[in-house]
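Structural description and commentary
Okay, here's what each chain looks like letter by letter:
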Amino acid sequence: MAVEKTDVLTALARVKSPEGAALPATGKLSDVIVTDGKVFFSITVDAALVPSWEPVRKAAEAAVRAVPGVISAMVALTGERAAGPRAPTGGPAARPSPAAPPGARPHGHQPAGQQPAVPGVEAIIAVASGKGGVGKSTTAVNLALGLRDLGLKVGVLDADIYGPSVPKLLAIRGKPQTIGGTRLRPMDGYGLKVMSIGFLIEEETPMIWRGPMVMSALTQMLREVEWGTLDVMVVDMPPGTGDAQLTMAQQVPLKGAVIVSTPQDLALIDARRGIAMFRRVNVPVLGIVENMSYFQCPECGTRADIFGHGGARHEAERQGVPFLGEVPLHMEIREKSDAGLPVVATNPDGAHAKIYREIAARVRAGLAGASKPAPQIVIEA
């Protein structure tokens, strides 16, 4: 039985706000997204009212789950603080907030190793970049396949909520099956267990979600999916240093992070921010990959350093983190990625697959080192 948006709104009309108004009439409800029996929406209230609205959120989720044909419901409660009064023109400037004391952690962050584990998953690593367009997702998929070729059981979580690429990179179509009406079974691609928000929405649906909705989605994809037993979960992070990265660091015991960058200075500036962010939340940086490191003409063999060369290696040395390897800018990698035929899986004897497997071997060695007890390092602000 197909579920319509009107069915969901009818159910939500029976849910009352703390003041007794029907939820859809409060003006607090976001747009309701319904895709193949999966329902997504958020409730936005003043931050001070969040405690009184949490029972409403739970009631809304229960009401939607009870609608015939609904497979799952994801409801986020967003608390927003009203903007403070503006200073009079010509008045004194606002006093800046005092700097955080040296070694202070971001608000709400749990010390590394104290976050609850994902059952059955031995190690979780984040593949991140400071900016988009550097080939992070392609690197994440081929890294996961390289770890698979080392004999590990590997899963991939596509955490890039706003631009999920993994379904296309692995040519996975269809929707995840549900288990008991509450949990999802991951999809399979080239021997990897895979989950992405891209499986739950239409390809061209824009993800106009606020931070709390993103965090709710990431948490559910981590903890409400039957991952089974995995040696490594590779998480393809969205670019930047925002909610997704902080959510992963706060809610999951990340064993490490891999930073992807091109050699050019503009990309390296943002890569530095990524490294600094993971260090501030006590996540080991396993190393840097220089993607699009150079171009070699397939016709004449002439090499051109289109984005420069060696910048990521020099940055790794400067930051004191491992340099994991150079991946060239090559038509084969681009064409096979677009076709959902990653080079490590479909041309395992090729030069590019060898590069990715070497990077995977270095990441695995870094994970082994990260598992050893180490003295606490304090990163000063």
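See above for the structure.
Residues numbered from 1 in each chain as written. Predicted model: local features only at pLDDT ≥ 70, side-chain atom pairs only at ≥ 80, totals over all residues. Heavy atoms only, no water.

Moving on, we get to the overall build of the chain. Across its full length, the chain holds eleven helices and 14 strands. Looking at the chain as a whole, 45% of its 381 residues qualify as buried. Across the chain, contacts joining residues at least 24 apart in sequence account for 75% of those joining residues at least 6 apart. Total accessible area on the chain stands at roughly 18200 Å², and carbon and sulfur atoms take up 54% of it. (Helix = DSSP H or I, 4+ residues; strand = E, 2+ residues; numbered from the N terminus. Buried < 20%, exposed > 50% of the residue type's maximum accessible area, 1.4 Å probe, protein only. Contact = heavy atoms within 4.5 Å. Areas by Shrake-Rupley, 256 points an atom, 1.4 Å probe, with all protein chains shown as cover.)

We now examine the nonpolar core. Ile125, Leu143, Leu147, Trp227, Met233, Val234 and Phe278 are the most contacted members of the largest nonpolar core, which has 83 residues in total. Ranked by residues supplied to this core, first place goes to helix 11 (residues 351-370) with seven residues. Among the nonpolar cores identified, the runner-up in size contains 21 residues, and Leu12, Val15, Val32 and Ala73 belong to it. (Core = buried A, V, L, I, M, F, W, Y, C linked by side-chain atoms within 4.5 Å.)

Attention now moves to helix 9 (residues 331-338). Among all positions of helix 9, only Glu332, Ile333 and Ser337 are buried. When helix 9 is viewed along its axis, its buried side chains cluster within an angular range of 125° and face the same direction. The first or second residue beyond helix 9 is Gly340, which carries a positive phi of 75°. (Arc of directions from axis to C-beta.)

Time to look at unusual backbone geometry. Most peptide bonds are trans, and most residues other than glycine sit at a negative phi. With a phi angle near 60°, Asn282 is a residue other than glycine that sits in the positive phi range. On the secondary structure map, Asn282 appears in the loop between helix 7 (265-280) and strand 12 (285-296). Despite not being glycine, Met292 has its phi angle at roughly 55°, a positive value. When you line up the elements, Met292 lands in strand 12.

Within strand 9 (residues 192-196), four of the five residues are buried, leaving the element largely enclosed by the surrounding structure. Pairing geometry for strand 5 (residues 154-158) and strand 9, over four bridges, is parallel. Note on strand 9: the bridge partner recorded for Val156 is Val194. Bridge count between strand 8 (residues 187-189) and strand 9: three bridges; the pairing is antiparallel. Bridging across to strand 9, Asp188 finds its partner in Lys193. (Pairing = 2+ DSSP bridges.)

For the coordinates displayed, the defined rule picks out eleven salt bridges. Salt-bridge contacts for Asp236 lead to Lys136; the nearest nitrogen and oxygen are separated by 2.7 Å. Residue Asp236 is located in strand 10 (residues 230-236), and its partner Lys136 is located in helix 3 (residues 136-149); the two are separated by 100 residues in the primary sequence. Taken individually, Asp236 and Lys136 each receive the classification buried, so the pair is uniform in this respect. (Salt bridge = Lys/Arg side-chain N within 4 Å of Asp/Glu carboxyl O.)

Before going further, it helps to examine the environment of Val281. Here Val281 lies in the loop between helix 7 and strand 12. Put simply, Val281 and Leu246 are 35 residues apart on the chain and 8.0 Å apart in space, counted from C-alpha to C-alpha.

What follows deals with the pairing of strand 5. Burial within strand 5 is extensive, with five of its five residues counted as buried. The side-chain alternation of strand 5 yields two buried faces, one formed by Val154, Val156 and Asp158 and the other by Gly155 and Leu157. With five bridges connecting them, strand 5 and strand 10 associate as parallel partners. Of the residues in strand 10, the one forming a bridge with Val156 is Val234.

With that settled, consider the side chain of Glu332. Within the fold, Glu332 resides in helix 9. Despite its burial, Glu332 pairs with no opposite charge, the nearest such side chain being Lys336 at 5.0 Å. In terms of polar contacts, Glu332 uses its side chain to reach the side chain of Asn347, at 2.7 Å. Here Glu332 is in contact with Val343, Asn347 and His352, once residues within four sequence places are set aside. (Lys, Arg positive; Asp, Glu negative; His and termini not counted. Polar contact = N/O pair within 3.5 Å; in protein donor to acceptor, adjacent residues only side chain to side chain.)

Along the chain, Ser293 falls in strand 12. Given the relative accessible area of 0%, Ser293 is considered buried. Reaching out from Ser293, the side chain makes a polar contact with the side chain of Glu290 at a distance of 2.6 Å. Leave out the neighbours within four places in its chain, and Ser293 touches Pro263, Asp305, Gly308, His309, Glu326, Val327, Pro328 and Leu329.

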